[in-house]
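# Inside the fold
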Amino acid sequence: HPMVMSYADAVLGHREVGKRVAVIGAGGIGFDVTEFLTVDDSPTLNLKEWEQEWGVTDDLDTPGFLTRPRPTPAVREVYMVQRKTGKQGKGLGKTTGWVHRATVKMKGVEQISGAVYDRIDDAGLHITVHDKEGNETGKRILEVDNVVVCAGQESVRDLVDPLTEAGVITHVIGGADLASELDAKRAIRQGTEVAAGLP
Ligand SMILES: Cc1cc2nc3c(=O)[nH]c(=O)nc-3n(C[C@H](O)[C@H](O)[C@H](O)COP(=O)(O)OP(=O)(O)OC[C@H]3O[C@@H](n4cnc5c(N)ncnc54)[C@H](O)[C@@H]3O)c2cc1C
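Please read all numbers here as calculations on a predicted model, not as lab measurements.

Definitions and limits used
- Residues numbered from 1 in each chain as written.
- Predicted model: local features only at pLDDT ≥ 70, side-chain atom pairs only at ≥ 80, totals over all residues.
- Heavy atoms only, no water.
- Helix = DSSP H or I, 4+ residues; strand = E, 2+ residues; numbered from the N terminus.
- Buried < 20%, exposed > 50% of the residue type's maximum accessible area, 1.4 Å probe, protein only.
- Areas by Shrake-Rupley, 256 points an atom, 1.4 Å probe, with all protein chains shown as cover.
- Lys, Arg positive; Asp, Glu negative; His and termini not counted.
- Charge placed at Lys NZ, Arg CZ, Asp CG, Glu CD.
- Polar contact = N/O pair within 3.5 Å; in protein donor to acceptor, adjacent residues only side chain to side chain.
- Near = heavy atom within 4 Å.
- Nonpolar A, V, L, I, M, F, W, Y, C, P; charged D, E, K, R; others polar.
- Domains from an automatic or database assignment.
- Pairing = 2+ DSSP bridges.
- Axes fitted to C-alpha atoms, helices over the stretch in contact; angles between N-to-C directions.
- Contact = heavy atoms within 4.5 Å.
- Patch = residues over 30% accessible without salt bridge, like charges linked within 9 Å, V, L, I, M, F, W, Y side chains within 5 Å.
- Salt bridge = Lys/Arg side-chain N within 4 Å of Asp/Glu carboxyl O.

Tallying secondary structure elements over the protein gives seven helices and eight strands in all. With respect to the principal axes defined by its C-alpha atoms, the protein has extents near 65 × 50 × 35 Å. A burial count over the protein gives 32% of its 199 residues as buried. Within the structure as shown, the protein displays about 12500 Å² of accessible surface, and the carbon and sulfur contribution to it stands at 55%. Side chains of the protein carry 23 positive and 30 negative charges; the gap between the two charge centres is 6 Å.

Next comes the structure, spelled out in structure tokens:
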């Protein structure tokens, strides 16, 4: 369906994203892309806005430097949908996961877990929702302009075979080796080990 696009198209601006969006997949990429879609410009680039958003101040007279958070409203209505049941974002990184979870919450993103994707048509994304035990709790149509897919990443490794056939020794590392998880550390380790092992 023409309303569907990959996260890469959405974040690189290859396609315009409408005002109502369903993000499929609530892993690391799903959270990043959702945050991206709720703002025009990142508040991390604007100190005053960032302070308002998180309720902090540099005013010396304010106890604890804490104020009431006043997040800028989201510029889009975003749904985050995942197949897995249970709370979204459990697997995010220890030190920054809470920030991502808090950000999508403060932007009013509706998070739907336990979804089975029935179909996508002009009316939107049709889903069947399940509770933690896997029992069906109802059907919904998310009326959206676009569906952004942040799931099922696949490795790009189309250079491997032609290079191997041409007699070039190749080493497959990082995302090309395994795209199913976000792990830049593994990519760096693999690259370093390959480099260290070269004659
Ligand atoms: C939105 C998002 C958020 C992420 N957040 C995190 C995170 O918080 N923590 C974490 O650990 N990981 C995160 N990741 C994953 C992390 O980015 C990857 O694990 C890591 O970049 C993999 O490194 P790589 O060098 O294997 O591949 P890449 O960084 O993808 O580099 C591959 C490079 O090869 C180039 N290339 C491809 N084909 C060709 C070709 N034919 N010729 C020449 N060049 C080519 C590409 O343009 C690219 O520059 C995130 C990924 C995304 C998309």
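Here the narrative resumes, following the displayed structure.
The next thing to look at is the side chain of arginine 186. By the element assignment, arginine 186 lies in helix H7 (residues 184–197). For arginine 186, a relative accessible area of 10% gives the class buried. A distance of 2.9 Å separates the side chain of arginine 186 from the backbone oxygen of leucine 178, its partner in a polar contact.

The next point concerns the site of the ligand. Looking at the ligand, the residues that line it are Tyr7, Ile29, Asp32, Leu159, Gly174, Gly175, Leu182, Asp183, Ala184 and Ala187. A distance of 2.8 Å is found between an oxygen atom of the ligand and a backbone nitrogen or oxygen belonging to glycine 175. A distance of 2.8 Å separates an oxygen atom of the ligand from a polar backbone atom of alanine 184. Its free accessible area being 1000 Å², the ligand has 37% of it covered by the protein chains. Contributing elements (two or more residues each) for the shell around the ligand: helix H2 (28–38), helix H6 (174–177) and H7. Grouping the amino acids of the shell around the ligand by side-chain chemistry returns six nonpolar, two polar and two charged. Of the residues that make up the shell around the ligand, three or more belong to each of domain 1 (4–39 + 74–149) and domain 2 (160–197).

Take the sheet that holds strand S2 (residues 20–24) next. An order of S1-S8-S2-S3-S4 is seen for the five strands of this open sheet, with the pairing classed as parallel. For this open sheet the edge positions go to strand S1 (4–6) and strand S4 (110–112), each flanked by a neighbour on one side alone. Ignoring which end each strand starts from, the neighbouring axes of this sheet average 25 degrees apart. Bridge analysis of S2 against strand S3 (residues 77–81) gives five bridges, and the strand direction is parallel. The residue of S3 that forms the bridge with alanine 22 is tyrosine 79. Lying on the sheet, H2 is in contact with S2, S3, S4 and strand S8 (146–149); it crosses S3 at an angle near 175 degrees.

Before going further, it helps to examine a positive patch on the surface. On the surface, a cluster of positive charge is contributed by Lys84, Lys87, Lys90, Lys105 and Lys132. Following the sequence through the fold, lysine 90 ends up in the loop between S3 and helix H4 (97–106).

A few words now on the environment of valine 104. By secondary structure assignment, the location of valine 104 is in helix H4. Sequence separation between valine 104 and glycine 174 is 70 residues; the distance between their C-alpha atoms is 28 Å.

Evaluated as defined, the whole model comprises eight salt bridges. Here lysine 139 makes a salt bridge to aspartate 118, at a shortest N to O gap of 3.8 Å. In this pair, lysine 139 sits in strand S7 (residues 136–142) while aspartate 118 sits in strand S5 (residues 115–121), placing the two residues 21 residues apart along the sequence. On the basis of relative accessible area, aspartate 118 is assigned to the partly exposed category, the value being 36%. With a shortest N-O distance of 3.3 Å, aspartate 121 and arginine 119 are connected by a salt bridge. Residue aspartate 121 is classed as partly exposed on the basis of its relative accessible area of 22%.

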